[in-house]
Each structure stands twice: as structure tokens, then as C-alpha cells.
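# Survey of secondary and tertiary structure
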Amino acid sequence: MEERERWKRRSDFIFASIGAAIGLGNVWRFPYVTYQYGGGAFLIPYFVALITAGIPLVMLELGVGRIFQAGAPQAFARIRKKLEWIGWLALLAVMIIFLYYSVIMGWVWNYLYYSLKLSWGADPKAFFYNNFLKLSSGPGTLGAINWAIVIGLALSWLWSYNYLRRGTKSISKEIYWTVTIPWMILVIMVIRGLTLPGAVKGLNYYLTPNFKALLNTGPWLAAYGQVFFSLSLAMGSLIIYSSYLPKESDIANNAFIISLADAGTAFFAGFAVFSTLGYLAQTMGLEVPNVISSGFGLAFITYPTAISKMPFAAPFFGVIFFVLLLTLSIDSQISQVEPFAAGFMDKWKFARKKVLPVVVLFGFLGGLFFTTQGGYYWIDIFDYFTCSFVLTFVGLMEAVIVGYVFKASRMREYINEVSEIKIGKWWDICVKFITPIILGFSFIWEFKKVVTKGYGDYPRWATTVGFILVLLLLVLSIVLMSIKGKEEQ
Ligand code: PHE
């Protein structure tokens with residue numbers, strides 16, 4: 001049998017996983033979801049989700065990858081042959097994500113260029129929607145392809161291809177600087193945000209809890225979706241990275257390091273965004289919740305505003321900020337493509353050299369859809385349906401499968417055998433009861449809500465398309481399971 005690829009050092013693995021976790025999810029998605037669900041109202045569900053599902057599932061996935069020495073489909077197939085599709089569903093979800101994630105990276109490339117001249121001028125909001133995206137009237141009108149975004153999209157794919165080409169060897173070359181540089185830049189952005197007039201208003205919105213809102217299911221499901229997205233859970237990323245670990249590698253401690261680094265970064269980035277929102281509210285004479293109608297473009301409006309307000313060398317800060325976003329997102333993009341490509345390499349024994357160019361080309365071509373004038377709406381819709389329904393479903397299944405089929409206690413013992421910190425029975429309780437119950441309930445409630453009311457302000461047929469997408473992924477995952485792999489023949 002061929003030797004499996006390996007990380008050379010423990011730090012290679014930790015940095016790669018932190019790089020996978022920390023990305024646009026922290027600096028773009030976390031703030032906008034938080035904003036959408038009422039700021040402080042969202043933080044409690046978020047931290048509850050992190051503790052009850054995030055950290056336990058990071059341990060679970062690292063354990064699964066280490067024990068079975070394979071990506072998600074193969075690993076679940078080794079628990080029970082019939083469960084392989086869960087692994088494929090995870091990889092199909094990550095596929096949807098890399099299709100639009102790389103388009104957002106394409107926006108960032110453009111903004112990097114704009115920041116040289118601060119092209120967004122006095123009204124970054126109008127600039128983003130009208131001048132840059134040239135937004136169409138709704139998801140029904142796709143309009144023209146935006147070639148500037150296409151160029152950015154191509155750059156992102158070429159860049160990640162370069163690092164994926166030689167697997168763990170080339171991945172570990174880039175993660176060190178793409179993980180550390182962003183942190184330094186983020187500190188500067190937070191300081192700038194906090195010193196803007198009106199910042200306090202924004203922070204109040206960000207940090208004041210709203211206990212009434214906890215009775216709604218919306219923020220809960222969104223919180224679990226966000227934790228999954230941000231920790232790269234239920235998408236095969238951590239499983240595949242951990243399958244490249246040498247024997248006897250620690251799991252529990254690594255899981256804590258990865259999860260806390262990720263949540264810490266998101267929380268910290270929130271200060272930069274919300275202080276700036278406070279400032280915007282003050283200058284526009286509005287309340288914080290009314291500053292931006294759809295939160296989705298938040299990062300591309302608030303940060304440019306803050307950048308323009310830099311007392312000196314604004315273009316310089318603009319450039320470093322968008323470099324921050326690029327360096328943050330590149331290792332996440334890599335960690336999305338790697339499990340997907342590895343799924344095919346593991347099952348059909350295709351060579352990396354052959355699979356990668358196909359996946360990269362597919363990613364680029366598929367991304368074109370999101371570069372249209374209506375693409376912005378579709379990113380929102382695809383993101384919502386994938387994260388809220390597919391990811392939470394896969395997470396639920398993972399917990400149930402490891403909890404009951406493989407047995408939580410067996411996995412815990414295994415983790416404890418190799419780990420520096422020992423985890424207690426609380427872990428079994430999270431995996432067997434808390435995570436599945438909370439995920440199950442919020443899933444059903446959200447489902448009911450979307451079926452009756454539709455998603456967002458979009459026309460009803462957009463919701464139907466969202467559900468069709470989910471169904472399609474489900475069917476595809478079963479198809480992929482039923483095609484015979486190489487070792488089975
Ligand atoms: N966690 C990454 C982020 O926060 C995104 C990601 C999703 C990475 C899926 C890998 C897999 O940006």
C-alpha cells in the first residue's frame with residue numbers, strides 16, 4: 001500500500017488547521033451574522049454553540065481522521081459501509097462553499113486595488129453595491145459577468161493551486177506567514193475602529209445581551225451554522241488534515257488550541273466592525289441596526305470607511321487590510337479544496353496531479369455564476385442553505401454516529417490515550433445528547449419557518465431553489481457512495 005502523506009511537525013498541523021478555521025468566516029461572516037441577529041443577542045447562542053458543539057466536534061473530527069487514516073467518506077464507511085454518504089455530503093457542502101468563497105476572495109483582490117486610491121470615496125456603501133457589484137434588482141436577474149471579479153477569482157485559484165500541488169509539503173510552506181500576518185493587521189484595525197467617534201454606540205450594540213431574543217430559534221441555528229462554518233466543521237477539512245497526522249499525535253489539546261484561536265479571532269474582529277458601525281450610525285444620524293439593510297456586504301462597507309478615516313497613510317492601511325483578508329482566506333480555501341480532492345484520491349486512487357487541475361478548473365468555472373450582477377444574492381442564498389441545513393445535518397449525523405454507532409466512550413478513551421489533556425464524561429454527554437438535541441430542534445424549527453415564510457426578502461421561488469440545492473447534494477452524495485471505489489473492486 002502507498003504511504004499516506006504526513007505533516008512533518010506538529011506545528012504544521014496546528015497552523016494548517018488554525019489557517020483553515022480562521023478566514024473570511026471570522027472577519028466577514030461572523031460580524032455580519034452577528035449584526036443580522038441583533039448584535040449582543042447573538043453572542044450568547046454563539047458561545048453556547050462553541051462549547052456544546054464546536055469544541056466537542058473538533059475533537060470528534062480529529063479523532064475520526066486519526067483513527068481511520070482517511071477523509072470523511074472513507075472514514076464513515078469504515079464505521080459502517082452504509083454511512084459513507086454522510087462523508088460525501090460533507091464534501092459536497094464544502095464544494096458549494098469553495099465555489100462562492102473564492103468569489104468573495106475575488107472581491108477582495110479588487111478592493112486591494114481600489115485601496116491604492118481609496119476609490120470608494122465618501123460613500124463606500126453606494127460604491128460597493130452600485131459601482132462595484134453593479135447589483136441587479138434581485139436573484140431573478142443575473143445580468144452580466146463582472147470581469148473584474150473574474151480576474152480576482154482566477155488569481156485566487158492559481159494561488160491556491162500552487163500550494164495544493166504537492167499536498168502537505170507545499171501547504172506547510174505557506175501557512176506560517178498567512179496565519180501570523182493577519183493577526184498583526186487586525187490589531188491595527190481594531191485600534192482604529194475603537195478610536196472613531198461613536199464607537200461606543202456600536203460596541204453597545206455588539207456586547208449588550210438581549211435575553212428575549214434567546215427565545216427565537218433563528219439566532220440559535222445561525223449560531224450553530226456560524227460555529228460550523230468558522231471551525232470548518234462538518235466539511236471534511238479537519239478530518240482530512242488530521243488523517244495526515246503521525247501516530248500518537250495529541251488530539252484534545254490541539255482541538256482546544258484551534259477552537260479558541262478561531263473564536264478569539266472572530267470576537268476580536270467584531271470590535272473592529274462594530275466600532276466602525278457605531279461611527280457610521282453617528283455620522284448618518286441613524287440607529288446602529290438601521291445602518292445597513294442587508295448585513296451581507298458589511299465588511300466591504302465598514303472597513304473601507306474606517307480605512308478612509310485613517311489620520312495618515314490611508315491607502316497603506318487599505319492595502320494591508322485587504323492583504324489581511326487575502327492571507328486569511330487563502331489557507332481556508334486550500335482547506336476546502338483539499339478534502340474534496342482527497343475524497344476522489346482516497347476512493348478511486350486517482351493521482352493528485354490529475355485530480356487537482358480538474359477540481360481547480362471546476363471551481364473557477366462554477367464560480368463564474370457568482371460573479372454576475374445577481375451573484376451577490378445567490379452567494380447569500382447558497383451560503384444560508386448550505387450552512388443552516390447541510391452543515392448542521394452533517395454535524396448532527398456525526399455526533400449520532402460516533403456517539404451511538406462507534407460509541408462515544410470508545411472514542412473518548414482513544415482520544416485520551418494520545419492526548420496531553422484528558423477529556424471527561426462531559427464530552428460523551430455533549431456528543432450523545434446536547435449537540436444532537438439542540439441541532440435537531442433548531443433544524444426542524446428553522447425548516448418550518450423557511451417553508452412557511454421563505455428565506456429573507458427574496459421571492460418565494462428562491463427558497464425553493466435553496467431546498468432543491470440541498471436535495472441535490474443529498475442525492476449526489478448517495479450516488480457517489482454507490483459508485484464502486486478502487487479497493488472494493
Ligand atoms: N473556516 C473558514 C473561515 O472561517 C471557512 C472554511 C469553510 C474553511 C469550510 C474550510 C472549510 O473562513
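To be clear, the structure that these remarks concern was listed above.
Residues numbered from 1 in each chain as written. Predicted model: local features only at pLDDT ≥ 70, side-chain atom pairs only at ≥ 80, totals over all residues. Heavy atoms only, no water.

## Some words on the overall build of the protein chain
Selection rule: In DSSP terms, a helix is any run of H or I states spanning at least four residues, a strand is any run of E spanning at least two, and both are numbered starting from the N terminus. In this treatment the radius of gyration is a C-alpha quantity, and the globule benchmark scales as 2.2 Å times the residue count to the 0.38 power. The classification of residues rests on relative accessible area computed with a 1.4 Å probe and restricted to protein chains. Under 20% of the type maximum is buried, over 50% is exposed, and intermediate values are partly exposed. Residue burial considers only the protein chains on display, and all accessible areas are found by Shrake-Rupley using a 1.4 Å probe. When charges are counted, Lys and Arg contribute as positive and Asp and Glu as negative, whereas His and the chain ends are disregarded. By convention, the point assigned to a charge is CZ for Arg, NZ for Lys, CD for Glu and CG for Asp.
Helices and strands together make up the secondary structure of the protein chain, namely 18 helices and 0 strands. Taking 23 Å as the expected radius of gyration for a compact globule of 489 residues, we find that the protein chain reaches 21 Å, a close match to that expectation. Projected onto the principal axes, the alpha-carbon positions of the protein chain cover approximately 65 × 50 × 45 Å. Counting over 489 residues, the protein chain shows a buried share of 64%. Accessible surface, the protein chain: about 18300 Å² in total, of which carbon and sulfur atoms supply 69%. Averaging the locations of the 40 positively and 26 negatively charged side chains of the protein chain gives two centres separated by 2 Å.

## With respect to the site of the ligand
The cut-off we apply is this: For this purpose, a residue is taken to be near a molecule or strand whenever a single non-hydrogen atom of the residue falls within 4 Å of it. In protein, a polar contact means a hydrogen-donor-capable atom and an acceptor-capable atom, both N or O and within 3.5 Å, with residues adjacent in sequence counting only if both atoms are side-chain atoms; elsewhere, any N or O pair within 3.5 Å suffices. Amino acids outside the nonpolar list (Ala, Val, Leu, Ile, Met, Phe, Trp, Tyr, Cys, Pro) and the charged list (Asp, Glu, Lys, Arg) are all regarded as polar, and Gly is one of them.
Around the ligand there are 16 residues in total, and Ala21, Gly25, Tyr101, Phe229 and Ser230 lie nearest to it. In this structure, Ala20 approaches the ligand through a main-chain N or O atom, which is 3.0 Å from a nitrogen atom. Measuring from a nitrogen atom of the ligand, one finds a backbone N or O atom of Ser230 at 2.9 Å. If you list the elements that add at least two residues to the shell around the ligand, you get helix 1 (10-21), helix 2 (24-36), helix 5 (84-115), helix 10 (218-230) and helix 14 (314-348). A breakdown of the residues in the shell around the ligand according to their chemical character gives 7 nonpolar, 9 polar and no charged.

## Considerations on the nonpolar core
Under the convention used in this document: Buried Ala, Val, Leu, Ile, Met, Phe, Trp, Tyr and Cys residues that are joined via side-chain atoms within 4.5 Å together make up what is termed a nonpolar core. Every residue pair with non-hydrogen atoms within 4.5 Å of one another is taken to be in contact.
Of all hydrophobic cores here, the largest spans 186 residues; its most connected members are Tyr100, Trp107, Phe128, Leu277 and Trp427. Excluding residues that lie within four positions of it along the chain, Trp427 makes contacts with Pro56, Met59, Leu60, Val402, Ala408, Met411, Arg412 and Ile415.

## Re the packing of helix 5 against helix 18 (residues 460-482)
In plain terms, the rule: Comment: axis = line fitted to C-alpha atoms, over the contacting stretch for helices; angle = value between 0 and 180 degrees taken between N-to-C directions. Reported orientations rely on four angle classes, namely roughly parallel under 35 degrees, roughly antiparallel over 145, roughly perpendicular from 65 to 115, and oblique for the rest. Should the near helix be turned anticlockwise from the far one by less than a right angle, the crossing is left-handed, and should it be turned clockwise, the crossing is right-handed.
For the pair helix 5 and helix 18, interaxial distance at closest approach is 8 Å and the crossing angle is 130°. With respect to helix 18, the axis of helix 5 lies oblique. The way helix 5 lies across helix 18 gives a crossing that is right-handed. Contacts between helix 5 and helix 18 involve Glu84, Trp85, Trp88, Leu89, Leu92 and Ile96 from the former and Leu469, Leu473, Leu474, Leu476, Ser477, Ile478, Leu480 and Met481 from the latter. Of the residues that constitute the contact of helix 5 with helix 18, the class distribution is 12 nonpolar, 1 polar and 1 charged.

## Examining a positive patch on the surface
For the record, the criterion: Candidate patch residues must exceed 30% relative accessible area and have no salt bridge, after which like charges are joined if within 9 Å and Val, Leu, Ile, Met, Phe, Trp or Tyr side chains if within 5 Å. Put simply, a salt bridge is a Lys or Arg side-chain nitrogen that is within 4 Å of an Asp or Glu carboxyl oxygen.
On the surface, Lys8, Arg165, Arg166, Lys169 and Lys173 cluster together to form a positively charged patch. Looking at the secondary structure, you find Lys173 in helix 8 (residues 168-194).

## A word on the packing of helix 7 (residues 147-164) against helix 8
The description of two packed helices rests on the angle between their axes and on the distance between the axes. It is the contact of helix 7 with helix 8, at a shortest axis distance of 6 Å, that shows an interaxial angle of 120°. It follows from the interaxial angle that helix 7 and helix 8 lie oblique. Residues Trp159, Asn162, Tyr163 and Leu164 of helix 7 touch helix 8, and the partners they reach there are Ser170, Ile171, Glu174 and Trp177. Partitioned by chemical class, the residues of the contact of helix 7 with helix 8 number 5 nonpolar, 2 polar and 1 charged.

## Brief notes about unusual backbone geometry
One non-glycine residue with positive phi stands out, namely Gln69, at about 50°. Relative to the helices and strands, Gln69 is located in the loop between helix 3 (40-68) and helix 4 (72-79). Phi angles above zero are rare outside glycine, and Lys407 is one such case at about 90°. Relative to the helices and strands, Lys407 is located in helix 16 (residues 375-418).

## Remarks on the environment of Ser419
Secondary-structure assignment places Ser419 in the loop between helix 16 and helix 17 (426-453). Owing to a relative accessible area of 5%, Ser419 belongs among the buried residues under this scheme. Placed 166 residues apart in sequence, Ser419 and Asn253 show a C-alpha to C-alpha distance of 6.7 Å. With sequence-adjacent residues up to four places away left out, Ser419 is seen in contact with Asp250, Ile251 and Ala252. Here the side chain of Ser419 touches Ala252 through a polar contact of 3.0 Å, landing on its backbone nitrogen.

## Focus: the packing of aromatic side chains
This is how the line gets drawn: Ring geometry is summarised as follows: Phe, Tyr and Trp rings, the Trp one being its six-membered ring, pair when their centres sit within 6.5 Å, and such pairs are stacked at plane angles under 30 degrees, edge-to-face over 60 and tilted between the two. Only Lys NZ and Arg CZ are tested; either one counts as a charge over a ring when it is within 6 Å of the ring centre and within 35 degrees of the ring normal.
All told, the structure shown has 68 aromatic pairs when counted by the stated rule. The interplanar angle of 75° and the centroid separation of 5.4 Å between the aromatic rings of Phe98 and Phe340 together place this pair among those described as edge-to-face. Placement of the pair is Phe98 in helix 5 and Phe340 in helix 14, with a sequence separation of 242 residues. Each member of the pair, Phe98 together with Phe340, is buried. For the pair Trp107 and Phe128, a centre-to-centre distance of 5.6 Å together with 70° between the ring planes defines the contact as edge-to-face. With Trp107 in helix 5 and Phe128 in helix 6 (residues 124-132), this residue pair connects regions lying 21 residues apart in the sequence. The ring of Phe229 carries the charged tip of Arg29 above its face, separated from the ring centre by 4.9 Å.

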